[in-house]
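Each chain, written out:
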Amino acid sequence: MATTGTAGRSRTIELRVDGTAYHPDVDPRRTLLDLLREQLGVTSPKKGCDHGQCGACTVLLDGRRVLACLTLALTCDGAEVTTAAGLSGDDGLHPLPQAFVDHEGFQCGYCTPGQVCSAAGLLAEFDAGAPSHVTPSVSDSPRWTDEEIAERMSGNLCRCGAYVGIVAAIRQAGDKR
Amino acid sequence: MKPFTLDRPETAADAVSAVAADPSAAYLAGGTNLVDHLKLGITAPGLLVDVSRLTSSDVREDDRGGLVVGAGVRNSDLAADRRVRERYPVLAEALLSGASGQLRNMATTGGNPLQRTRCVYFQDVSTPCNKRAPGSGCSALGGYTRYHAILGASEHCVATHPSDMAVALAVLDAEVRVLGPDGERVVAFTDLHRLPGDHPERDTVLGHGDLITEIALPPAAWARRSAYRKVRDRASYAFALVSVAAGVSLVDGVLEDVRVALGGVAHKPWRAHRAEAVLRGARPSREVFLAAADAELADARPVEGADGGNAFKVPLVRRTLAAVLRDLTEEADR
């Protein structure tokens, strides 16, 4: 058997969530999503499928969009987590959620925090020149089109079917940046 | 989820020692497949060893003119790497056709080829599956077979390997650098995965404790003209029904070099050596492309299933292979 670690027992980690520092005691089985929602009371990321298929739990982990439901919390020691709630500042809504409002990019709203975080990650990835599956040639930089937005958001499901508004919202936020 | 210990050692050597010493231990990298398996009860390790920070997350040039990819490089970073996009477009395209933006940000070069089949019976612990529970039987036979193998399967298992990246690595003759309990060694990528035979539970030739540290891409002039095409049930975020990775070089209108691999058809990324033999030295034409596909598919054995079976994959591979080769050779002609 391994000589290091403590069998199945929890450990204290440090992480920042939306600018606030936390030092939770974490069971090895706990995912980042459950840590945020159940232990820290950060309920902006939503639990949809809990199997990495719906995107409702998307957060920015050290600036990159990931699925909190497939991330074990202990591996986030020292990390910076940003949720959709943390994207808004003191001076009103962040351009992304504002654009979702402007374009009615939600109905029930359950998928929206994940959509917003995913869109924030998408903008950063696009600005870095990263190609996607629909970029005509991977040797070129992508162009800012609805097709690129839709492909890059394919990991976020909306069972209300508000996709048309979601693409328009991200288009607007991207145009304004 | 069964209780387990999660260790985060400081070095790859310590990680290998920890896993080698504990038969119930497993490596954790991006976690995109393993964490789901913990939740589904497909696997229940007593110890997880986090290796995500222990192997290189850089892509570097090697002295042969190829690239060496650290096992910790994220799929999204590898797909965005300028050198990969220009010198190995088949790899960038394969990576970008897989999963979603979030998952590509998590998944790693070392972990991606080791992801396990998405056969629904493997994923459903209430059904018999020789890969998950050896000797329990195969529920796929006569069941839902749309995503199952047509080449190299056995009576014990008809599951397919799900990775797109792995199909590109097979066509590129990549090398897998492994750190194991007995030291370092190199495994040819095309030898990494096994066919099911009598032991479908063994996906690869790696032993317990073996850790992939790097994957090397040899220099390949032909790869500048290479492509990956994936056919799936929806436009994005789905596993392949079939996929084709190919690259060509044309000299005086003749296929001087040509490499082909297939995905979604077998228990492993399927290097199409028979098709390559038909194509090499030939003048590109639809007839020769189809003849190459037919040579590769001569031993195809579709699975009969309650969903109508997967015989559709034979003509689908045939047409997809011809289309990819047509695009690559027309482009090369210009």
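A brief report on the enclosed structure follows. (Residues numbered from 1 in each chain as written. Chains lettered and ligands numbered in written order. Predicted model: local features only at pLDDT ≥ 70, side-chain atom pairs only at ≥ 80, totals over all residues. Heavy atoms only, no water.)

**Details of the packing of aromatic side chains**
Consideration 1: Applying the stated criterion to the full structure yields one aromatic pair over all chains.
Consideration 2: Ring centres of Phe126(A) and Trp144(A) lie 5.0 Å apart, and the angle between their planes is 65°; on these two criteria the pair is classed as edge-to-face. Separated by 18 residues along the polypeptide, Phe126(A) in helix α4 (residues 112–127) and Trp144(A) in the loop between α4 and α5 (146–152) bring together distant segments of the chain. The exposure classification of Phe126(A) matches that of Trp144(A), with both residues buried.
Consideration 3: Over the ring of Trp144(A) we find Arg177(A), and its NZ or CZ is 4.9 Å from the ring centre.
Consideration 4: Over the aromatic face of Phe312(B) sits the side chain of Arg146(B), whose NZ or CZ is 4.9 Å from the ring centroid. (Phe/Tyr/Trp six-rings, centres within 6.5 Å; stacked < 30°, edge-to-face > 60°. Helix = DSSP H or I, 4+ residues; strand = E, 2+ residues; numbered from the N terminus. Buried < 20%, exposed > 50% of the residue type's maximum accessible area, 1.4 Å probe, protein only. Lys NZ or Arg CZ within 6 Å of the ring centre and 35° of its normal.)

**Section: the packing of helix α3 (residues 95–102) of chain A against helix α6 (residues 163–176) of chain A**
Residues and elements named next belong to chain A.
Consideration 1: Direction vectors running N to C along α3 and α6 enclose 135°, while the axes themselves pass 8 Å from each other. It follows from the interaxial angle that α3 and α6 lie oblique. Classified by chirality, the crossing of α6 by α3 is right-handed. Between α3 and α6, the residues in contact are Pro95, Leu96, Ala99, Phe100 and Asp102 and Ile166, Ala169, Ile170, Gln172 and Ala173, respectively. (Axes fitted to C-alpha atoms, helices over the stretch in contact; angles between N-to-C directions. Parallel < 35°, antiparallel > 145°, perpendicular 65-115°, else oblique. Left-handed = near helix turned anticlockwise from the far one by under 90°. Contact = heavy atoms within 4.5 Å.)

**Some points on the packing of α3(A) against α4(A)**
Residue and element names in this part refer to chain A.
Consideration 1: Direction vectors running N to C along α3 and α4 enclose 125°, while the axes themselves pass 10 Å from each other. Put simply, α3 runs oblique to α4. As α3 packs across α4, the resulting crossing turns out to be right-handed. Where α3 abuts α4, its residues Leu96, Pro97 and Phe100 lie against Thr112, Gln115, Val116, Ala119, Ala120 and Leu123.

**A closer look at the sheet that holds strand β5 (residues 67–70) of chain B**
Residue and element names in this part refer to chain B.
Consideration 1: Pairing is antiparallel in the open sheet, where five strands are placed in the order β4-β5-β8-β6-β7. Because the sheet does not close on itself, it has two edges, and the strands there are β4 (59–61) and β7 (183–188). Averaged over neighbouring strand pairs, the angle between their axes works out to 25° when direction is ignored.
Consideration 2: Where β5 meets strand β8 (residues 211–217), four bridges bridge the pair, whose relative direction is antiparallel. Looking at β8, one finds that Val68 is bridged to Ala216.
Consideration 3: In the packing of helix α1 (residues 12–20) onto the sheet, the strands contacted are β6 (175–180) and β8, and the crossing angle to β6 comes to about 70°. (Pairing = 2+ DSSP bridges.)

**Let's talk about unusual backbone geometry**
Glycine aside, residues mostly have negative phi angles, and peptide bonds mostly take the trans form.
All names here are of chain A.
Consideration 1: The phi dihedral of Asp18 is positive, around 50°, even though this residue is not glycine.
Consideration 2: If you trace the backbone, Asp18 turns up in the loop between β2 (15–17) and β3 (20–22).
Consideration 3: With a relative accessible area of 28%, Asp18 lands in the partly exposed category.
Consideration 4: With a phi close to 65°, Asp50 is a non-glycine residue in the positive phi region.
Consideration 5: Within the secondary structure layout, Asp50 lies in the loop between α1 (32–39) and β5 (58–61).

**Here's the deal with the interface of chain A and chain B**
Consideration 1: At the interface, 43 residues of chain A touch 43 residues of chain B.
Consideration 2: Roughly 3500 Å² of surface becomes buried between chain A and chain B when both sides are summed, with 54% attributable to carbon and sulfur atoms.
Consideration 3: Among the residues of chain A in contact with chain B, Arg29(A), Leu70(A) and Val138(A) are the three that bury the most area, contributing 19% of the side total.
Consideration 4: Between chain A and chain B we count two salt bridges in total.
Consideration 5: For Asp50(A), the salt bridge goes to Lys39(B), with nearest N and O atoms at 2.9 Å.
Consideration 6: Taken together, the elements giving at least two residues each to the side of chain A that touches chain B come down to β6 (64–67) and α4 of chain A.
Consideration 7: By residue number, the principal contributor to the side of chain A that touches chain B is β6(A), which donates four residues.
Consideration 8: A breakdown of the residues in the side of chain A that touches chain B according to their chemical character gives 13 nonpolar, 21 polar and nine charged. (Buried area = accessible area lost by both parts, 1.4 Å probe. Salt bridge = Lys/Arg side-chain N within 4 Å of Asp/Glu carboxyl O. Nonpolar A, V, L, I, M, F, W, Y, C, P; charged D, E, K, R; others polar.)

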